[in-house]
Amino acid sequence: MFKNYILDILQKSLSKIGIEQREIIIEYPKNSDFGDISTNIAMQLARELKKSPRAIAQEIIDNLEYDANFITAVNIAGAGFINFKLGKSYFHFICENIAGFGENFGSSDFGIGKKAQIEYVSANPTGLLHLGHGRNAVIGDTLANIYKKLGFTTDREYYFNNAGNQMRNLARSIFARYHQLLGESDYPFPEDGYHGDYIIEIAQELIDLYGNKFAEDNTENLAFFQKYGEEWNFKRIKSTLERLNVFQDTYYNENTLYESGKIEQLLNELKENNLVYELDNALWLKLSQMGMEEDRVAVKSSGEPTYRLPDIAYHIEKFKRGYDEMVDIFGSDHIATYPDVLAVLKALGYDVNKVKVVIYQFITLVENGEQVKMSKRSGKSYTLDELIDEVGSDVVRYFFLMRGVNTHLEFDLGLAKEQSEKNPVFYLQYAHARICSIFQKAKEEGIYLSQNHYITELSEQIEFDLIKKIADFPEIIFESYKTLEPHIICDYLYDLAGIFHQFYHNCRILQESDPLRQARLHLANTTRITLKNGLQILGISAPEKM
RNA sequence: GCGCCAAUAGCUCAGUAGGAUAGAGCAUCAGCCUUCUAAGCUGAGGGUCGCAGGUUCGAAUCCUGCUUGGCGUACCA
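Everything numeric in this text was worked out from a predicted model, so none of it was measured.

Quick look at the overall build of chain A
Along the backbone of chain A there are 20 helices and 15 strands. Expressed along its principal axes, the backbone C-alpha trace of chain A runs to roughly 85 × 60 × 40 Å. Buried residues in chain A amount to 53% of all 546 residues. Intrachain contacts of chain A at a sequence separation of at least 6 include 73% that bridge at least 24 residues.

Spelled out as structure tokens, the structure:
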């Protein structure tokens, strides 16, 4: 938004010297001596035009037409940077523009008319959510918020499987604890069973409800335990997600792919397209013909499909629903599996560019400099619920989002628990609360926002810095959509809060008289809206008082 | 062994369609409250961007090799 005018005049200048439309990179120089805004376009063109960057820069400037109220100086520096010094009118114009968006600032129509699906969490109901699921949930939910902000119609989906080995293992684990609680203390626990305390809780619940009615080891009883465990786990999973402000529209059961014949259909399609072959009683996917390392099994010799088949069928299902974009959120342990799925989809003629895969790295939990271990099947697991109990939902969300998805995230429990200036979440929320408190005070004094914004009253450097930062917001949202990196928004809001705090210290608001007071109130108000809308995307509350 | 991902300040991390003096937070040190919230602001110190080569006017960013760490490497999901 802030850069549009500059881009426009540069583009026109370029076309005058015979260079067609291209992407111009514009940035804010770190050193303010270089002006407010700069571009390296002359350097980019040097190789192509076989001229020195500085000469090209001069040529661009010579052909530049601009409003002298907007741009007060243009010069060449260094190897060929073109630097612009902006006039007050430019900042006023931008600020007025932002104010015009009101509470909707940051929304755009980029995705209007397009449908996106974001699939996240997708944990099977074999246990409680742990921290890894938390990172998955928060990344997925936030990306969905970003898509929504850009105007996409968004479907938030949870894909799960309530059949198979792991679920049978769950039933066996509960069954063993059930017997142990009934007094058979040496009843054997499954080798790779689920050791968490929640299994004991479930077993105890079953005893409280039914006594020893299900003690006999038969398939009916185990099936009952499996179903009971599934429902018990799902209830807990949903309540945990709800606490984190994560809501999903659809829970898609893998089983429906079998029931509706979609797996069968896929198998036929694979055979018709000659993408599979039989070997040792198993059905193999010809992945090596699709550019992959080696072939993999689609149907085991036991007749059971591997995960690949339903995964492919599920994605076909997504394609059939007509999504323009589909986002999958996976932990790094899945990094090797999705290329196979995509390769097959591609071979079947689907446009796999519509599928975006986010791979996030693992979390380590640290307290007092020591790593806290967490593992689902060992007894001592740190559940997501416990973490929310300790630090609250806002902190959990922010900490899970504040690093790049490809970074091993170190979650510092000590810092997270701290309710002080060290904790970045509070720094952000404090800025918002501070602004709200100014308006509260204004209200008490009978001061309200005027119709006229009186933006032209603003003249301090810090006010212009703030305007510049606010104006970046829409672009930041777009950037995080492009890169599928929510942390960009965290960093942005942190910077914005910082600049606001500086403004707050340097510029009085309510003590001034109108119209400057009004101008600053309006600037504070657009800051508030930006912070609030940004926090909303992150799923974090924007308190009015702290 | 092979594959993917990483390595940047004491710590946690930004920064990679090659660009100006590599940034932030925390920690350390020094300042600022009769003034709209000090959960704030101001300043200082702190770096062989893992190592070695290469590409070029220019490399944290691209290429090659190496070292270290994480995750994979199933007819588990």
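Things to note about empty space enclosed by the protein
For the structure on display, the rule yields one cavity of 30 Å³ or more. Considering only enclosed or pocket space, the largest cavity measures out at about 40 Å³ in volume. Along the walls of the largest cavity sit Leu128, Leu129, Arg236, Ile237, Thr240 and Asp385, which together make up its complete lining. Grouping the amino acids of the lining of the largest cavity by side-chain chemistry returns three nonpolar, one polar and two charged.

Some remarks on the layout of surface pockets
One water molecule sets the probe size; rolling that probe over the atoms shows where empty space is left. If you add up the space inside the second largest pocket, you get close to 450 Å³. Surrounding the second largest pocket, 14 residues form its lining, Met1, Asn4, Pro474, Glu475 and Phe478 being those nearest its centre. Elements represented by at least two residues in the lining of the second largest pocket include exactly helix 1 (4–16) and helix 18 (473–483). The element best represented in the lining of the second largest pocket is helix 18, accounting for three residues. Considered class by class, the residues forming the lining of the second largest pocket number seven nonpolar, four polar and three charged. Residues lining the lining of the second largest pocket come from more than one domain, with at least three contributed by each of domain 1 (4–86) and domain 2 (104–109 + 421–538).

Observations regarding the nonpolar core
When a protein is soluble and globular, its nonpolar side chains tend to lie buried together. By size, the foremost hydrophobic cluster in this structure holds 122 residues, and its most contacted members are Ile6, Phe84, Leu387, Tyr398, Phe400 and Phe411. Counting residues per element, this core draws most heavily on helix 19 (residues 487–506), at ten residues. Other than its neighbours up to four places away in sequence, Phe84 contacts Ile6, Ile9, Leu10, Gly35, Asp36, Ile37, Thr39, Leu64, Ile71, Ala73 and Val74. Formed by 32 residues, the second largest nonpolar core is a distinct cluster that contains Tyr252, Ile263, Ile316 and Phe319.

A word on the domain arrangement of chain A
What the domain assignment lists for chain A is domain 1 (4–86), domain 2 (104–109 + 421–538), domain 3 (115–161 + 248–360) and domain 4 (165–243). Each of domain 3 and domain 4 has a C-alpha centre, and these two points are 29 Å apart. With 13 residues of domain 3 in contact, the opposing surface of domain 4 contributes 16 residues. Summing both partners gives a buried area of about 1,200 Å² for domain 3 against domain 4, and 74% of it is carried by carbon and sulfur. The largest contributions to the domain 3 side of the interface with domain 4 come from Pro125, Thr126 and Leu128, which together make up 49% of the buried area. Where domain 3 packs against domain 4, one counts zero salt bridges. For the pair domain 3 and domain 4, the number of links is two residue pairs in polar contact (both at pLDDT 80 or more). Among the residues forming the side of domain 3 that touches domain 4, the class breakdown is eight nonpolar, four polar and one charged.

What about the sheet that holds strand 13 (residues 363–367)?
If you trace the three strands from one edge of the open sheet to the other, you get 14-13-15, paired in mixed fashion. Edge positions in the sheet fall to strand 14 (370–372) and strand 15 (409–412), since each has one partner strand and no second. Strand-to-strand twist across the sheet, computed as the mean angle between neighbouring axes with direction ignored, equals 40 degrees. Where strand 13 meets strand 15, four bridges bridge the pair, whose relative direction is parallel. The residue of strand 15 that forms the bridge with Thr364 is Glu410. Lying on the sheet, helix 14 (residues 393–401) is in contact with strand 13 and strand 15; it crosses strand 15 at an angle near 150 degrees.

Remarks on the sheet that holds strand 3 (residues 71–77)
Spatial strand order, 1-2-4-3: four strands in an open sheet with antiparallel pairing. Edge positions in the sheet fall to strand 1 (26–27) and strand 3, since each of these pairs with one other strand and no more. Examined bridge by bridge, strand 2 (residues 37–39) and strand 4 (residues 81–86) share three bridges and lie antiparallel to one another. Looking across to strand 4, one finds that Ser38 is bridged to Asn83. The strands touched by helix 3 (residues 53–62) within the sheet are strand 3 and strand 4, with strand 3 carrying the most contacts at an inclination of about 160 degrees.

Some thoughts on helix 20 (residues 516–538)
Taking 1.5 Å as the rise per residue, helix 20 with 23 residues should run 33 Å; its terminal C-alpha atoms sit 33 Å apart, in good agreement. Most of helix 20 is tucked away, with 21 of its 23 residues classed as buried. One or two residues past the end of helix 20 sits Gly539, with phi positive at roughly 75 degrees.

What to know about the protein's contact with RNA strand B
Within the structure, RNA strand B sits among 64 residues, and Lys300, Thr407, Glu421, Tyr430 and Arg434 are positioned closest to it. Looking at RNA strand B alone, sugar and phosphate atoms form 60% of those within 4 Å of the protein. A distance of 3.0 Å separates a base oxygen of RNA strand B from a polar backbone atom of Leu510. Contact between RNA strand B and Gln511: a sugar or linking oxygen at 2.3 Å from a side-chain N or O atom of the residue. Counting only elements with at least two residues in the surface near RNA strand B, the list comes to helix 2 (41–49), strand 4, strand 9 (282–285), strand 10 (296–299), strand 15, helix 16 (424–444) and helix 19. It is helix 16 that contributes the most residues to the surface near RNA strand B, eight residues altogether. Considering only residue class, the surface near RNA strand B consists of 25 nonpolar, 22 polar and 17 charged.

Thoughts on the packing of helix 18 against helix 19
Taken N-terminus to C-terminus, the directions of helix 18 and helix 19 make an angle of 155 degrees; their axes are 8 Å apart at the nearest point. For the element pair helix 18 / helix 19, the angle class is roughly antiparallel. Handedness of the crossing formed by helix 18 with helix 19: right-handed. Where helix 18 approaches helix 19, its residues Phe473, Ile476, Glu479, Ser480 and Thr483 are matched on the opposing element by Ile488, Ile489 and Tyr492. For the contact of helix 18 with helix 19, the per-class residue count stands at five nonpolar, two polar and one charged.

Basis of the calculations
- Residues numbered from 1 in each chain as written.
- Chains lettered and ligands numbered in written order.
- Predicted model: local features only at pLDDT ≥ 70, side-chain atom pairs only at ≥ 80, totals over all residues.
- Heavy atoms only, no water.
- Helix = DSSP H or I, 4+ residues; strand = E, 2+ residues; numbered from the N terminus.
- Buried < 20%, exposed > 50% of the residue type's maximum accessible area, 1.4 Å probe, protein only.
- Contact = heavy atoms within 4.5 Å.
- 1 Å grid on protein atoms, 1.4 Å probe; cavity = no way out; pocket = protein on both sides within 12 Å on 5 of 7 lines; lining within 4 Å.
- Points joined across faces, edges and corners; volume = space filled by probe spheres on them.
- Nonpolar A, V, L, I, M, F, W, Y, C, P; charged D, E, K, R; others polar.
- Domains from an automatic or database assignment.
- Core = buried A, V, L, I, M, F, W, Y, C linked by side-chain atoms within 4.5 Å.
- Buried area = accessible area lost by both parts, 1.4 Å probe.
- Salt bridge = Lys/Arg side-chain N within 4 Å of Asp/Glu carboxyl O.
- Polar contact = N/O pair within 3.5 Å; in protein donor to acceptor, adjacent residues only side chain to side chain.
- Pairing = 2+ DSSP bridges.
- Axes fitted to C-alpha atoms, helices over the stretch in contact; angles between N-to-C directions.
- Expected span 1.5 Å × (residues − 1).
- Near = heavy atom within 4 Å.
- Parallel < 35°, antiparallel > 145°, perpendicular 65-115°, else oblique.
- Left-handed = near helix turned anticlockwise from the far one by under 90°.

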